[in-house]
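# Working through the structure, step by step
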Amino acid sequence: MTGETLRLRVELGYDGAPFKGWARQPGLPSVQGALEDALELIFRAPCATVVAGRTDTGVHARRQTVHVDVPEPLWARFACPRPRGPLASDADTGDLSASGPADVQDVAARDAAAAGLTRKLNGALNRVLGKDRAAHGWDSAVGAIVVHDVVVAPEGFDARFSVLSRGYAYRVADAVTGHDPLTRTFSWWVPWHLDVPAMDRAVRELLGLHDFLSFCKPREGATTIRDLQRAGVHRDESGMITIALQADAFCHHMVRCIVGAVVRVGEGRYDAAWPGQRLRARVRDANVLMAPAHGLVLDAVRYPDPSQLAERARLTRARRPAQHDE
């Protein structure tokens with residue numbers, strides 16, 4: 001929080017199918033656009049958001065994190081609404097700043113108001129994703145974005161740059177599960193029996209700090225060096241395969257290209273050493289298949305202890321000033 005704004009941390013999840021990705025784009029439905037439109041309905045002013053990790057068209061999120069800086073007068077109006085009508089006092093009908101800093105600085109009042117904002121945001125989203133989408137000629141997407149929690153952010157918190165790690169899960173249905181139409185919106189159907197142990201060995205070849213150019217869509221000025229901290233593939237009791245990846249950050253399309261390579265190993269086209277060989281070659285070519293977007297879910301975003309948030313943000317900015325996350 002600065003002397004003029006209050007920073008809020010927003011936790012949300014979304015079904016990515018009705019949107020053209022996270023980022024706001026003119027004339028196209030986006031998660032960011034819907035969330036910012038809902039915030040504007042509540043605060044009656046534009047509210048720009050910063051996200052932990054931008055997601056592409058069709059990619060889902062179970063746990064996404066955003067911060068938004070709300071000007072203190074607007075927050076005071078939301079947190080300390082004045083009574084209306086004949087019982088209102090002269091002070092109640094005065095300038096918005098009359099309830100000013102003393103109210104905004106009250107920790108208990110701030111936290112209670114932030115909790116109330118969770119309910120109000122979900123209500124505003126129902127309008128944005130229903131009536132407002134219809135006005136653009138888009139199908140209703142009520143319920144496709146859910147705000148889980150809103151809290152006043154601790155000092156130094158930055159939703160993007162304070163992140164320690166991001167975790168993604170990608171789901172694949174194969175001949176073991178059968179072609180179930182009820183899973184088609186969140187899993188990639190591959191009509192063969194995939195070798196999960198080979199896939200698990202293959203993805204573990206990529207663990208550590210490497211240049212992932214072979215598995216990225218590089219952007220000008222951005223590094224492709226990332227630290228893949230955890231990686232694994234398993235099949236659950238229903239037969240569904242999950243490829244789980246955790247890293248400090250992911251380059252554009254990195255997760256989907258890794259998944260595509262690992263599935264090719266599972267099909268028997270390449271051995272388990274092949275993804276590691278591609279990694280070391282540092283060459284992008286048609287041999288690396290990019291998996292479709294709809295099987296991918298941002299599953300977790302992890303931050304350090306509050307006392308370390310500002311330092312983490314400083315270090316991340318210095319190391320990757322132009323990074324673009326998956």
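Refer to the preceding data block for the structure.
Here's what I pulled together on the structure shown here. (Residues numbered from 1 in each chain as written. Predicted model: local features only at pLDDT ≥ 70, side-chain atom pairs only at ≥ 80, totals over all residues. Heavy atoms only, no water.)

Here we come to the nonpolar core. Counting 88 residues, the largest nonpolar core has Phe43, Trp75 and Ile243 as the members making the most contacts within it. If you tally residues by element for this core, the top one is helix H6 (residues 254–266), at nine residues. (Core = buried A, V, L, I, M, F, W, Y, C linked by side-chain atoms within 4.5 Å. Buried < 20%, exposed > 50% of the residue type's maximum accessible area, 1.4 Å probe, protein only. Helix = DSSP H or I, 4+ residues; strand = E, 2+ residues; numbered from the N terminus.)

A cluster of basic residues, Arg54, Lys217, Arg219 and Arg284, forms a positive patch on the protein surface. Counting through the fold element by element, Arg219 comes out in the loop between strand E7 (208–211) and strand E8 (225–235). Judged by its relative accessible area of 38%, Arg219 falls in the partly exposed class. (Patch = residues over 30% accessible without salt bridge, like charges linked within 9 Å, V, L, I, M, F, W, Y side chains within 5 Å. Areas by Shrake-Rupley, 256 points an atom, 1.4 Å probe, with all protein chains shown as cover. Salt bridge = Lys/Arg side-chain N within 4 Å of Asp/Glu carboxyl O. Lys, Arg positive; Asp, Glu negative; His and termini not counted. Charge placed at Lys NZ, Arg CZ, Asp CG, Glu CD.)

A few words now on the pairing of strand E1 (residues 5–14). The buried fraction of E1 is high, at nine of ten residues. Judged from the nine bridges that link them, E1 and strand E3 (residues 60–71) form a sheet pairing that is antiparallel. When the sheet's bridge partners are listed, Arg7 is paired in E3 with Asp69. Relative to strand E4 (residues 145–152), E1 is paired through seven bridges, and the arrangement is antiparallel. (Pairing = 2+ DSSP bridges.)

On to the packing of aromatic side chains, then. Scanning the entire structure with this criterion turns up eight aromatic pairs. Between Trp75 and Phe78 the ring centres are 5.4 Å apart and the planes differ by 40°, which places this aromatic pair in the tilted class. Here the residue Trp75 and the residue Phe78 both occupy positions in helix H2 (residues 72–79), the gap between them amounting to three residues, near one helical turn. Using a relative accessible area of 0% as the deciding quantity, one classes Trp75 as buried. For Phe78, a relative accessible area of 15% translates into the label buried. A ring pair is formed by Tyr270 and Trp274, whose centres lie 3.9 Å apart and whose planes are at 5°; its orientation type is stacked. (Phe/Tyr/Trp six-rings, centres within 6.5 Å; stacked < 30°, edge-to-face > 60°.)

It is worth spelling out the packing of helix H5 (residues 196–204) against H6 at this point. Contact pair H5 / H6: the axes reach a minimum separation of 8 Å and the direction vectors enclose 140°. The angle between the axes of H5 and H6 places the two elements in the oblique class. By crossing handedness, the relation of H5 to H6 is classed as right-handed. Contacts from Ala198, Met199, Ala202 and Val203 of H5 reach H6 at Ile258, Val262, Val263, Val265 and Gly266. Counted by class, the contact of H5 with H6 contains eight nonpolar, one polar and no charged residues. (Axes fitted to C-alpha atoms, helices over the stretch in contact; angles between N-to-C directions. Parallel < 35°, antiparallel > 145°, perpendicular 65-115°, else oblique. Left-handed = near helix turned anticlockwise from the far one by under 90°. Contact = heavy atoms within 4.5 Å. Nonpolar A, V, L, I, M, F, W, Y, C, P; charged D, E, K, R; others polar.)

Our focus in this paragraph is the pattern of salt bridges. Counted according to the given criterion, the structure contains 14 salt bridges. With its nearest N and O atoms 2.9 Å apart, the salt bridge here joins Arg204 to Asp200. Of this pair, Arg204 and Asp200 both sit in helix H5, separated by four residues, roughly a single helical turn. Of the residues examined, Arg204 reaches a relative accessible area of 44% and is grouped as partly exposed. Residue classification places Asp200 among the buried positions, given a relative accessible area of 17%. A salt bridge links Asp211 to Arg282, with the nearest nitrogen and oxygen atoms 2.7 Å apart. Remark: Arg282 occurs in the loop between helix H7 (274–281) and strand E10 (296–302) and Asp211 occurs in strand E7; sequence separation between them is 71 residues. Through salt bridges with shared partners, a single network forms among Arg24, Glu36 and Asp37.

We now examine the packing of helix H1 (residues 31–43) against helix H4 (residues 107–135). The interhelical angle for the contact between H1 and H4, taken along N-to-C directions, is 115°, at an axis separation of 8 Å. The hand of the H1/H4 crossing is right-handed. For the pair H1 and H4, the contacting residues are Ala34, Leu35, Asp37, Ala38, Leu39, Leu41, Ile42 and Phe43 in the first and Leu117, Lys120, Leu121, Ala124, Leu125, Arg127, Val128 and Leu129 in the second. Among the residues making up the contact of H1 with H4, the classes are represented as 13 nonpolar, no polar and three charged.

In short, the description is geometric, and any link to function would need to be established separately.
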